[in-house]
Amino acid sequence: MNTNTLLGPLKGATRREVGGVQVDVVKTGNARVKRIVYPQGFRWSINLKEVVGTELCMHAHVGFLASGQIDVQYADGTLERFVAPQAVAIAPGHDGWVVGTEPAILIEFDFEGETVERLGLKRE
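So, about the overall build of the chain. A tally of regular secondary structure across the chain gives four helices and nine strands. The secondary structure elements of the chain, listed N-terminal to C-terminal, are α-β-β-β-α-α-β-β-β-β-β-β-α. For the chain, the residues scored as buried account for 41% of the 124 residues in total. Working note: accessible area of the chain is about 7100 Å², and carbon and sulfur atoms make up 53% of it.

Following this line, the structure appears as structure tokens:
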């Protein structure tokens, strides 16, 4: 897979960087499409916990892991592993980290504040 293509300019995107994570966002209809690049060595609880101010990531993530590997652990200890190429559905209330020596590139779809409800990602 040519990761240069995955990292190339994204037409119409707004780019920001938070905690070392690159996020490109494009509005599409009533939703947003994001390209999120998590660098090698990234871990939410180390890189973003203090920035966000919550114990765990409270965002839902739905999309396609195009490159790399991500492990996710929920508060109850449940561990999920996502290895590209793979569809991803992660409920709020998790820690997550990049595994291996390459960045993880996630193409994500969301509905801003309505993502959890609209995509049915409430964790019991």
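What follows deals with the sheet that holds strand β2 (residues 21–28). Read across the sheet, six strands follow the order β1-β2-β3-β9-β4-β7 without closing on themselves; strand pairing throughout is antiparallel. Only two strands of the sheet have a single partner each, and these edge strands are β1 (14–18) and β7 (86–90). Between one strand axis and the next, the sheet turns through 25° on average, direction left out of account. The pairing of strand β3 (residues 31–38) with strand β9 (residues 104–110) spans seven bridges and is classified as antiparallel. Note that in β9 the partner of V33 across the bridge is F109.

With that out of the way, let us pick up the packing of aromatic side chains. How two aromatic rings sit relative to each other is set out by the distance from centre to centre and by the angle between their planes. In the structure shown here, the tally under the stated rule is one aromatic pair. With a centroid separation of 5.1 Å and 40° between ring planes, the pair formed by Y38 and F42 is classed as tilted. This pair shows no difference in class: Y38 is buried, exactly as F42 is. Taking NZ or CZ as reference, R43 lies 3.9 Å from the ring centre of W97, over its face.

The next thing to look at is the pattern of salt bridges. Evaluation of the coordinates by the stated rule reveals eight salt bridges. As a salt-bridge pair, D24 and R35 come within 2.9 Å of each other at their nearest N and O atoms. Taken as a pair, D24 in strand β2 and R35 in strand β3 lie far apart in primary sequence, eleven residues in all. Just as D24 is buried, R35 falls in that class too.

A few words now on the side chain of H61. One can find H61 in strand β4 (residues 61–67). Overall, H61 belongs to the buried group, its relative accessible area being 10%. In this structure the side chain of H61 is engaged in a polar contact, spanning 3.4 Å, whose partner is the side chain of H94.

So, on to unusual backbone geometry. One can expect most non-glycine residues to show negative phi and most peptide bonds to be in trans. Looking along the chain, the bond that leaves A84 and enters P85 is cis, with omega of -5°. Looking at the element boundaries, P85 is found in the loop between β6 (79–83) and β7.

In this section: the nonpolar core. With 20 residues, the main nonpolar core has V21, Y38, F42 and L65 as its most contacted residues. Sorting the residues of this core by element identifies β2, β3, β5 (69–74), β7 and β9 as the ones contributing at least two each. Here V21 is in contact with R16, I36, V37, Y38, P39, F42 and L48, once residues within four sequence places are set aside.

Cut-offs and rules
- Residues numbered from 1 in each chain as written.
- Predicted model: local features only at pLDDT ≥ 70, side-chain atom pairs only at ≥ 80, totals over all residues.
- Heavy atoms only, no water.
- Helix = DSSP H or I, 4+ residues; strand = E, 2+ residues; numbered from the N terminus.
- Buried < 20%, exposed > 50% of the residue type's maximum accessible area, 1.4 Å probe, protein only.
- Areas by Shrake-Rupley, 256 points an atom, 1.4 Å probe, with all protein chains shown as cover.
- Pairing = 2+ DSSP bridges.
- Axes fitted to C-alpha atoms, helices over the stretch in contact; angles between N-to-C directions.
- Phe/Tyr/Trp six-rings, centres within 6.5 Å; stacked < 30°, edge-to-face > 60°.
- Lys NZ or Arg CZ within 6 Å of the ring centre and 35° of its normal.
- Salt bridge = Lys/Arg side-chain N within 4 Å of Asp/Glu carboxyl O.
- Polar contact = N/O pair within 3.5 Å; in protein donor to acceptor, adjacent residues only side chain to side chain.
- Core = buried A, V, L, I, M, F, W, Y, C linked by side-chain atoms within 4.5 Å.
- Contact = heavy atoms within 4.5 Å.

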